[in-house]
Amino acid sequence: MTGPLARLARRFGRARPERAALDRVAALARETLALPEDASLSVNEIVCADPACPGTETVILLMIPGARTRAIKIQAPAEAVTRDAILAAAAAGEGV
């Protein structure tokens, strides 16, 4: 990673998640939730510096044609997301 975001990440000691970890979570979510082929999803890892936040969180946005977009939030970095975590978060998730 280069440029202003890289400098900012280094300044705050936070590295961006590896693309492979995000891709793994996307594939795992697609399989675990049995998403239709026309469904789109986006996986991001968010680090909140506010003490009230849970810390590192992985957010999966599910965009299925004809349905409301849903956000599945897992309180773990992308590299630690499991099938069980996706299922539990999906059961508790709400639409965005």
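First, a word on scope: everything that follows refers to the structure included in this document.

1. Notes on helix H3 (residues 83-92)
- Residues of H3 that are buried include every one of Ile86, Ala89 and Ala90, and no others. Each buried residue of H3 sits inside an arc of 100 degrees when the element is viewed along its axis, so together they form one side. Those residues of H3 that are exposed and aimed more than 90 degrees away from the buried face are Asp84, Ala91 and Ala92.
- If you follow the buried residues of H3, they end up packed against helix H2 (19-32), strand E2 (56-63) and strand E3 (70-74).

2. Thoughts on unusual backbone geometry
- The backbone of Ala34 shows a phi angle near 50 degrees, a positive value even though the residue is not glycine.
- If you trace the backbone, Ala34 turns up in the loop between H2 and strand E1 (40-47).

3. Here's the deal with the nonpolar core
- Val43, Ile60, Ile72, Ile74 and Ile86 are the most contacted members of the largest nonpolar core, which totals 20 residues.
- Mapped by element, the contributors of at least two residues to this core are H2, E1, E2, E3 and H3.
- If you tally residues by element for this core, the top one is H2, at six residues.
- Excluding its chain neighbours within four sequence positions, the residues that come into contact with Ile60 are Val25, Ala29, Ser42, Val43, Arg70, Ala71, Ile72, Ile74 and Ile86.

4. Looking at the side chain of Thr32
- The topology assignment puts Thr32 in helix H2.
- A polar atom in the side chain of Thr32 sits 2.7 Å from the backbone oxygen of Leu28.

5. What about the environment of Thr58?
- Relative to the helices and strands, Thr58 is located in strand E2.
- Of the residues examined, Thr58 reaches a relative accessible area of 0% and is grouped as buried.
- Between the alpha carbons of Thr58 and Val25 there is a distance of 9.0 Å; along the sequence they are 33 residues apart.
- For Thr58, the residues in contact, after removing those within four places along its chain, are Val25, Val43, Asn44, Glu45, Ile72, Lys73, Ile74, Ala76, Pro77, Ala78 and Val81.

6. Looking at the pairing of E3
- In the sheet, E2 pairs with E3 via five bridges, with the strands oriented antiparallel. By the bridge assignment for E3, Leu61 is matched with Ala71.
- In textbook terms, the turn of a hairpin is the stretch between consecutive antiparallel strands, and for E2 and E3 this stretch comprises six residues, one of which, Gly66, has a positive phi near 85 degrees.

The rules behind the values
- Residues numbered from 1 in each chain as written.
- Predicted model: local features only at pLDDT ≥ 70, side-chain atom pairs only at ≥ 80, totals over all residues.
- Heavy atoms only, no water.
- Buried < 20%, exposed > 50% of the residue type's maximum accessible area, 1.4 Å probe, protein only.
- Helix = DSSP H or I, 4+ residues; strand = E, 2+ residues; numbered from the N terminus.
- Arc of directions from axis to C-beta.
- Contact = heavy atoms within 4.5 Å.
- Core = buried A, V, L, I, M, F, W, Y, C linked by side-chain atoms within 4.5 Å.
- Polar contact = N/O pair within 3.5 Å; in protein donor to acceptor, adjacent residues only side chain to side chain.
- Pairing = 2+ DSSP bridges.

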